[in-house]
Amino acid sequence: MHVHFIIHESFESAGAYLPWAETRGHNITWTRVYDNEPVPANADGFDMLVVFGGPQSPRTTLAECPYFDSLAEQHLINQAISAGRIVVGICLGSQLIGEALGAKVCQSPEKEIGHYPITLSEAGKQHPLVAHFGSPLIVGHWHNDMPGLTDQATVLATSAGCPRQIVQYGNFVYGFQCHMEFTAEAVEGLIQHSEQELAEAKGKRFIRSNAEMREWDYREMNEKLWQFLDLLVKKRQR
């Protein structure tokens, strides 16, 4: 399987998605948006598209961020969906999926940074790809917005601070507002580049301290993410 990663910032990483793809022997290609690399012109060259997070919004313009072309990414997402590819979006990536399908990004009721539980919806508890997550499951968070919902979308998980944590948009299309891919290394990169954001957020309801984020063990959620990805790939290959 050929997996294509879109990374938006140098301090963002693929986290647990990278060792998952490597240990399964998948071919991996990258678009590093921050290095002005263009996204693929179409979905012909990959079987799975993973669009990661970033400080941008789907509404961010080229004038505001010259290396981030929201419309180009949305176009690629639509092409991948139409071609029957697997599409997974994380944080900004999930919001881009919603926007590509005509559902506008929304502000989340609460800003969440750190590790907090998500709860599966009734649909999530019965879903063959995510039921193994258990409910609740503590996962990573770093967001202020949340993805829009299409008429066909199904919310699979929520949190106390955000009602749209995992959304299924299609048979092979999933948006994760939460960050199940976080590792200690990935979180450290975000902390190092987010001093002002963390200072401004201090004291809010769902904000962990730097020490708490550094000390947390992210392996359980990583393993459950891997199981989800394995099941998703198996489903597409049937």
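As annotated in an unreviewed UniProt entry, the protein carries the name Type 1 glutamine amidotransferase and is attributed to Citrobacter farmeri.

## Some thoughts on the side chain of glutamate 112
Turning to its location among the elements, glutamate 112 is positioned in strand β5 (residues 106-120). Lacking a salt bridge, the buried glutamate 112 has arginine 205 as its closest oppositely charged neighbour, with an N-O distance of 8.5 Å. Here histidine 143 takes part through its side chain, which lies 2.5 Å from a polar atom of the side chain of glutamate 112. Within polar-contact distance, the side chain of glutamate 112 engages the side chain of serine 159 at 2.9 Å.

## Regarding the packing of helix α2 (residues 70-82) against helix α3 (residues 92-100)
Following both chains from N to C, one finds α2 and α3 inclined at 75 degrees, their axes separated by 9 Å at the closest point. Of the possible angle classes, the one that applies to α2 and α3 is roughly perpendicular. Counting all contacts with α2, which are made through Ser70, Glu73, Gln74, Ile77 and Asn78, the residues of α3 involved are Leu96, Ile97, Glu99 and Ala100. Its residues assigned to classes, the contact of α2 with α3 comprises four nonpolar, three polar and two charged.

## Points about the packing of aromatic side chains
With the rule as written, the count across this model stands at eight aromatic pairs. Ring plane angle 55 degrees and centroid distance 6.4 Å describe the contact between phenylalanine 133 and phenylalanine 228, whose orientation is recorded as tilted. A residue pair is termed long-range when its members are at least 10 positions apart, and phenylalanine 133 in the loop between α4 (122-125) and β6 (137-146) and phenylalanine 228 in helix α8 (residues 219-237) qualify at 95 residues. Judged by centre distance (5.2 Å) and plane angle (85 degrees), the rings of tyrosine 174 and phenylalanine 228 are edge-to-face. Here phenylalanine 228 lies in helix α8 and tyrosine 174 lies in strand β9 (residues 173-176), a separation of 54 residues in the sequence. Members of the aromatic cluster, connected to one another through ring pairs, are Phe5, Tyr17, Trp30 and Phe52.

## Some details on unusual backbone geometry
Cis geometry is found at the peptide bond from serine 135 to proline 136, where omega equals 5 degrees. Position of proline 136 relative to the elements: it lies in the loop between α4 and β6. Residues other than glycine seldom take positive phi values, yet cysteine 91 does so here, at roughly 55 degrees. Inspection of the secondary structure assignment puts cysteine 91 in the loop between β4 (86-90) and α3. Judged by its relative accessible area of 6%, cysteine 91 falls in the buried class.

## Thoughts on α2
Between the first and last C-alpha of α2 there are 18 Å, a value that for 13 residues agrees with the 18 Å anticipated at 1.5 Å per step. For α2, the complete set of buried residues consists of Ser70, Glu73, Gln74, Leu76, Ile77 and Ala80. Buried residues of α2, viewed axially, fall in a sector of 160 degrees; they line one side. Exposed side of α2, more than 90 degrees from the buried face: Leu71 and Ser82 are the residues found there. Glycine 84 lies just past α2 and shows a positive phi near 80 degrees.

## Regarding the environment of glycine 170
Examined against the element boundaries, glycine 170 turns out to sit in strand β8 (residues 166-170). Among the residues examined, glycine 170 registers a relative accessible area of 22% and is labelled partly exposed. With 55 residues separating them along the chain, glycine 170 and leucine 225 place their C-alpha atoms 18 Å apart.

## Some thoughts on the UniProt feature "domain: Glutamine amidotransferase" (unreviewed entry) in the protein
The UniProt record marks residues 29-185 with the feature "domain: Glutamine amidotransferase" (unreviewed entry), using the residue numbering of this structure. Taken as a whole, residues 29-185 contains 18% helix and 34% strand, while its terminal C-alpha atoms sit 21 Å from one another.

## Notes on the nonpolar core
Counting residues in hydrophobic clusters, the biggest one holds 48 residues, and the most contacted among them are Phe5, Tyr17, Phe133, Phe176, Met180 and Phe228. If one sorts the elements of this core by residue count, α8 sits on top with six residues. In this structure, phenylalanine 228 is in contact with Leu129, Val130, His132, Phe133, Tyr174 and Phe176, ignoring residues within four places of it in sequence. Formed by 21 residues, the second largest nonpolar core is a distinct cluster that contains Cys65, Ile77, Ile97 and Val173.

Basis of the calculations
- Residues numbered from 1 in each chain as written.
- Predicted model: local features only at pLDDT ≥ 70, side-chain atom pairs only at ≥ 80, totals over all residues.
- Heavy atoms only, no water.
- Helix = DSSP H or I, 4+ residues; strand = E, 2+ residues; numbered from the N terminus.
- Buried < 20%, exposed > 50% of the residue type's maximum accessible area, 1.4 Å probe, protein only.
- Lys, Arg positive; Asp, Glu negative; His and termini not counted.
- Salt bridge = Lys/Arg side-chain N within 4 Å of Asp/Glu carboxyl O.
- Polar contact = N/O pair within 3.5 Å; in protein donor to acceptor, adjacent residues only side chain to side chain.
- Axes fitted to C-alpha atoms, helices over the stretch in contact; angles between N-to-C directions.
- Parallel < 35°, antiparallel > 145°, perpendicular 65-115°, else oblique.
- Contact = heavy atoms within 4.5 Å.
- Nonpolar A, V, L, I, M, F, W, Y, C, P; charged D, E, K, R; others polar.
- Phe/Tyr/Trp six-rings, centres within 6.5 Å; stacked < 30°, edge-to-face > 60°.
- Expected span 1.5 Å × (residues − 1).
- Arc of directions from axis to C-beta.
- UniProt positions renumbered as here; feature names shortened; annotations may be inferred.
- Core = buried A, V, L, I, M, F, W, Y, C linked by side-chain atoms within 4.5 Å.

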